[in-house]
Amino acid sequence: MEAEIKTPTQVNLNDLEAAALQVLRSRATPQPQVVRMADDAALAILRAIGIPRKGRPLTEVIQEMVEKVYYHRAQADHPRFFAFVPGPCSPLSAIGDLLTATYNPHAGNWLESSGPSCIEQQLIRWLADNLGLPQSCGGLFVSGGSMANLTALAVARDQKLQAHERSKGVAYVSEQTHSSVAKGLKIIGFLPDQIRRIKCDSKFQLDMDDLKAAVAEDKMAGRLPFAVIASAGTTNTGSIDPLVNIRSLCDQENLWMHVDGAYGASIALSSRYRYMLRGIETADSVSWDGHKWLFQTYGCGMVMVRDKTHLTASFHTRPEYLRDTETDEGQINFWDIGVELTRPARGLKLWLTLQVVGADAMAAGIEHGFQLARWAQDELKQHPGWEVISSAQLAIVNFRYVSPGWSDSQIDTVNKKIAQRSLQDGYATVLTTVLNGQTVLRVCAIHPDATEDDMRQTICKLTEFAVSESALVNE
Ligand SMILES: Cc1ncc(COP(=O)(O)O)c(C=O)c1O
């Protein structure tokens, strides 16, 4: 029997303890169907719930949320969820969320959050050390890669362009750069023709010759090149742009070098694969997501800027009612170096995870992803008909099913159908992307608990779907 709730802030402790256990237990084992979309009947039930005048028992509400609300979702943390960038979050991260939400420090300023802010500061420093960024670097935890990119791009704009020059500024991305970069540039005031899309080479890496030519052409036309956005782990293929060469060009042309490492920067924690990021230590700014390959719940991104005073120059404001919060040396008001004023201490869940698991197990978890993609690729080779379009790199492999005599559009259709079949079947989720104008299937495998059997069985299932879809085409 639950205690009656008199005000929104007074809830009985025993009831809360029971509720926390109820929630955690409900998530203890993954459900067999990886993706469950609400059908019309289920949506009608949800829409009919409404808001009661008088409260209901907590356990009853939680049960309803577990069974009717959260039930209808993709388990992006399922070992065989291979679509988009999966979110294989550690339960420790959820406990970190619970702590952060329970204590709810206002982590925008030091006065209200000296303990959590100190930990976030230390963690940013540790992560920056892993990337090889200098002591001058600073940064903060933000909601994710999109916000990290936007924050860094605002700093790039402010450092490289005078206010009256903004309309002539040009930023360079590649064909494989994540869409959040163009979105960020648009939000901070750049028009589509101020964003140059540089072509990629056969390895889906930004093509240096094309970049140099585009910069030269823009300068000739009186435009003002100001930033190159490199990717460390593109979303489609995991490719890493030639960071060292991009740095040289940025030095020559006085351009800002931003590296979007939302997906791939995590490999900096692996002594085995860190070398692949060579050059990232020279970036002017870096984005990195904890809720991708650092196994965190959503809402955990980081942005780091080589010279932390540049963040302050872009984001510091001083309204009269906040003047009691001035900081001393070594202290930080995160609201001075980012977009948000009120913000949760997003870094503490990652800190908690690292404390409990240790950096070595974290690195091993990341390295496992490389192996998962290789197992998938190896299994593809066992079945005729599969063509690997982008080989396993950074836990991603792209492939498609082809048969002699099929047209391009037939190949695209069959591969889209294979993805749909995998979604309906529920054993594993594999969706498509487009590479070189062709529809391909894409596996992004970063779950530390996914096994060789998961990978091989997934490919066997896809092969079954491919064979039956081919029969329809060939009829
Ligand atoms: C390379 C890259 N950059 C940026 C983003 C955007 O990150 P977020 O979804 O955390 O905003 C993603 C998301 O998948 C990504 O893969």
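We now turn to the structure provided with this report. (Residues numbered from 1 in each chain as written. Predicted model: local features only at pLDDT ≥ 70, side-chain atom pairs only at ≥ 80, totals over all residues. Heavy atoms only, no water.)

**Description of helix 15 (residues 452-474)**
Between its terminal C-alpha atoms helix 15 stretches 33 Å, which fits the 33 Å expected from 23 residues at 1.5 Å a residue. Every buried residue belonging to helix 15 is among Asp454, Met455, Arg456, Thr458, Ile459, Leu462, Thr463, Phe465, Ala466, Glu469 and Ser470, and all of these are buried. Contacts made by the buried residues of helix 15 are with helix 13 (359-381), strand 8 (386-393), strand 9 (396-401), helix 14 (408-425) and strand 11 (438-444). (Helix = DSSP H or I, 4+ residues; strand = E, 2+ residues; numbered from the N terminus. Expected span 1.5 Å × (residues − 1). Buried < 20%, exposed > 50% of the residue type's maximum accessible area, 1.4 Å probe, protein only. Contact = heavy atoms within 4.5 Å.)

**Observations regarding the packing of helix 1 (residues 13-26) against helix 3 (residues 58-69)**
Geometry of a packed helix pair, given as the angle between the helix axes and the separation of the axes. It is the contact of helix 1 with helix 3, at a shortest axis distance of 10 Å, that shows an interaxial angle of 15°. One finds that helix 1 runs roughly parallel with respect to helix 3. For the crossing formed where helix 1 meets helix 3, the hand is right-handed. Along the contact surface, helix 1 presents Asp15, Leu16, Ala19, Gln22, Val23 and Ser26, while helix 3 presents Leu58, Thr59, Ile62, Gln63 and Val66. (Axes fitted to C-alpha atoms, helices over the stretch in contact; angles between N-to-C directions. Parallel < 35°, antiparallel > 145°, perpendicular 65-115°, else oblique. Left-handed = near helix turned anticlockwise from the far one by under 90°.)

**Describing the sheet that holds strand 4 (residues 224-231)**
Strand order across the open sheet formed by seven strands is 1-7-6-5-4-2-3, with mixed pairing between neighbours. Edge positions in the open sheet fall to strand 1 (138-142) and strand 3 (195-198), since each of these has one partner strand only. The sheet shows a mean angle of 20° between the axes of neighbouring strands, direction not considered. As paired strands, strand 5 (residues 256-261) and strand 6 (residues 285-289) are joined by four bridges and run parallel to one another. For aspartate 260, the partnering residue across the bridge sits in strand 6 and is serine 287. (Pairing = 2+ DSSP bridges.)

**Here's the deal with the sheet that holds strand 11**
Read across the sheet, four strands follow the order 8-9-11-10 without closing on themselves; strand pairing throughout is antiparallel. In the strand order of this sheet, the two ends are held by strand 8 and strand 10 (431-435), each with one partner. Adjacent strand axes in the sheet meet at a mean angle of 35°, parallel and antiparallel pairs treated alike. In this structure, strand 8 lies alongside strand 9, joined through five bridges in antiparallel fashion. Bridging across to strand 9, serine 390 finds its partner in asparagine 398.

**A word on the site of the ligand**
Taken together, 14 residues lie near the ligand, and Gly145, Ser146, Asp260, Asp289 and His291 sit nearest. A distance of 2.6 Å separates an oxygen atom of the ligand from a polar atom in the side chain of serine 146. Between the ligand and the protein, one listed contact pairs an oxygen atom with a side-chain N or O atom of aspartate 289 at 2.7 Å. If you list the elements that add at least two residues to the shell around the ligand, you get helix 6 (145-160) and helix 10 (290-293). Of the residues forming the shell around the ligand, the biggest block, three residues, is contributed by helix 6. (Near = heavy atom within 4 Å. Polar contact = N/O pair within 3.5 Å; in protein donor to acceptor, adjacent residues only side chain to side chain.)

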